[in-house]
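# Observations on the model geometry
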Amino acid sequence: MDILSRVAKVMQGVLTKSADIIGRETGFIKRLRKLSGSGFVQTLVFGWLSNPDSTVEELCQTAATLGIDISPQGLNKRFTSEASDCLQKVLESAVSQVISDDPVTIPLLQRFNGVNIQDSSTVVLPDALAVIWTGCGGSTPTNTSSSLKLHIRLDLNTGQLAGPYLHSGRLHDMNPQIQWETLPAGALRIGDLGYYNLKEFKKMDSDGVYWLSRVKSNCVVYRYDKRWDLPGLLRKCCKDRMDIQVLLGADERVPCRLLAVRVPDDVAKLRRCQLISEAKGKGKPVSDKALELASWIVLCCNIPHEMLNLDEAFVLMRTRWQIELIFKLWKSHGCIDEWRTESPWRILCEVYAKLIVMLIQHWVLLAGCWQYPNRSLSKAVKTIQKHAMNLACAFASGRAGRLYEALKTIQRCLSVGCRINKRRKNPSTYQLLLAFDDSS
């Protein structure tokens with residue numbers, strides 16, 4: 001089955017059969033009405049896919065496209081706690097689906113059985129929702145008690161997206177479900193400091209999984225049985241570049257490579273200014289160790305040197321920005337953290353529905369342009385939004401072939417015009433990745 005057929009089949013399953021079953025199980029649909037569970041979900045999904053800033057009136061126009069006759073007042077009354085439960089369960093159903101494409105043709109990425117980057121982002125919610133999603137608190141009197149943390153993992157080879165897994169904003173990054181999912185042997189996991197955990201590194205090592213991470217400034221390093229702090233080791237062993245074998249951690253003693261590159265003086269100066277400014281805002285001093293380490297980028301990994309050299313490791317670490325780009329797309333283009341209401345239940349419904357939209361949008365991206373290393377996701381998202389009503393009409397027809405043709409049209413449009421232009425100065429990430437050609 002080709003990827004377009006898989007996407008069409010999964011979309012139909014999630015937005016029709018699953019939505020109807022979940023609508024009844026959650027109590028959102030108590031008796032037969034003109035608005036079914038699937039009709040409600042499809043109205044929100046296609047309405048906000050077309051325009052993330054849609055009003056209730058515009059959503060009713062989407063409902064009319066789907067053959068559903070409902071007034072703005074009638075739709076607004078449906079945003080209840082049961083509706084939020086329904087949409088959350090439909091989102092979980094969508095997350096459980098596995099959609100991936102053939103590996104993209106970038107030799108550096110293809111050395112691994114998947115290059116997985118993971119991160120989290122937070123959506124601040126009204127204080128009234130603290131009983132469902134607990135926030136971290138803050139210095140302001142409102143909108144600090146409730147927040148929702150989204151965790152995702154993206155395979156840069158196949159485009160497969162794990163998540164979003166939802167957790168309270170108070171929960172630390174190391175606790176969520178994404179940490180429990182075992183990657184296949186030969187895969188690479190790239191994470192930021194929020195996922196830095198020596199016990200987890202040891203476990204991945206024993207499972208045959210590679211890892212690449214930044215290093216915490218207060219880490220303890222052993223080299224030739226001598227204990228070092230990170231700044232001391234850099235002063236002793238490194239002038240501008242370093243790639244050495246060490247044991248990481250006072251107790252765990254994880255064997256790994258420690259990689260370091262000195263940054264330009266102007267960059268180091270800017271970093272120190274940022275550290276001082278952030279510390280002043282928190283009312284805390286900056287340690288001398290942190291100020292000294294501002295002159296370096298330091299990584300650790302368990303990847304053999306013959307498989308990945310120092311320059312390649314630092315380029316791979318830059319790919320972590322791609323997951324930041326996903327969250328940026330979800331917030332700036334998908335407006336998952338924006339709404340036109342003060343009603344807590346309607347806000348929660350909107351967040352869940354828009355996350356379903358983001359998943360479907362990602363599946364369509366996979367089918368349309370993932371195979372192109374120079375793809376522009378922001379341009380692709382705008383193209384998909386233009387075709388959202390065509391997808392709604394295809395759903396309204398009830399014919400699988402019509403949905404396939406609508407997706408085929410989007411695929412053709414994404415294959416042209418959704419590209420990143422080459423840059424001579426400050427090359428983009430895909431250019432840096434392609435610079436390491438295994439055939440040369």
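Everything numeric here is computed off the predicted structure, so don't read it as measured data.

Before going further, it helps to examine unusual backbone geometry. Backbone torsion omega between Gly163 and Pro164 reads 10 degrees, so that peptide bond is classified as cis. Inspection of the secondary structure assignment puts Pro164 in strand β3 (residues 161–168). One non-glycine residue with positive phi stands out, namely Tyr224, at about 55 degrees. Mapped onto the secondary structure, Tyr224 falls in the loop between β6 (220–223) and β7 (226–229). Despite not being glycine, Arg253 shows a phi value in the positive range, around 50 degrees.

Applying the stated criterion across every chain, the model contains 14 salt bridges. Here Arg320 makes a salt bridge to Asp119, at a shortest N to O gap of 2.8 Å. Highlighted residues: Arg320 in the loop between α11 (310–318) and α12 (321–333) and Asp119 in strand β1 (residues 115–125), separated in sequence by 201 residues. The two residues Arg320 and Asp119 agree in class, both being buried.

The next subject is the packing of helix α13 (residues 344–369) against helix α14 (residues 377–386). Angle between the axes and distance between the axes are the two parameters that describe a pair of packed helices. Close contact between α13 and α14 brings their axes to 10 Å; oriented N to C, the two are set at 110 degrees. As the angle between them shows, α13 and α14 are arranged roughly perpendicular. Here Gln361, Val364, Leu365 and Cys369 of α13 lie close against α14, whose contacting residues are Leu377, Ala380, Val381 and Ile384. Taken together, the residues that form the contact of α13 with α14 break down as seven nonpolar, one polar and no charged.

For Ser295, the location among the structural elements is in the loop between α10 (288–293) and β10 (296–301). Accessibility expressed as a relative area gives 11% for Ser295, which makes it buried. One polar contact links Ser295 to Arg272, side chain to side chain, over a distance of 2.5 Å. Apart from residues lying up to four places away in sequence, Ser295 is in contact with Val261, Arg262, Val263, Ala268 and Arg272.

Conventions we followed
Within any chain, residue numbers begin from 1 and follow the written order of that chain's sequence. Local features are withheld for residues below a pLDDT of 70 in this predicted model, meaning they are given only at 70 or higher, and side-chain atom pairs are given and counted only at 80 or more; totals for whole chains, interfaces and linings count all residues. Computation of side-chain values covers all heavy atoms of the structure but excludes hydrogens and water. Runs of E in the DSSP output that reach at least two residues are strands. Runs of H or I that reach at least four are helices, and both are numbered from the N terminus. Think of a salt bridge as a Lys or Arg side-chain nitrogen and an Asp or Glu carboxyl oxygen that are within 4 Å of each other. Throughout, exposure labels follow a simple rule: accessible area from a 1.4 Å probe, protein chains only, divided by the maximum for the residue type, with under 20% read as buried, over 50% as exposed, and the rest as partly exposed. Convention adopted: a line fitted to C-alpha atoms gives each axis, helices being fitted over their contacting stretch, and angles between N-to-C directions are expressed from 0 to 180 degrees. For classification purposes, angles smaller than 35 degrees are called roughly parallel, those larger than 145 roughly antiparallel, those between 65 and 115 roughly perpendicular, and all remaining angles oblique. The contact definition used throughout considers only heavy atoms, calling two residues in contact when any of these lie within 4.5 Å. Throughout, the ten residues Ala, Val, Leu, Ile, Met, Phe, Trp, Tyr, Cys and Pro are labelled nonpolar, Asp, Glu, Lys and Arg are labelled charged, and all others, Gly among them, are labelled polar. Within 3.5 Å is the distance limit for a polar contact, defined as a pair of N or O atoms, with the added protein rule that one can donate a hydrogen and the other accept it, and that residues adjacent in sequence qualify only through two side-chain atoms.

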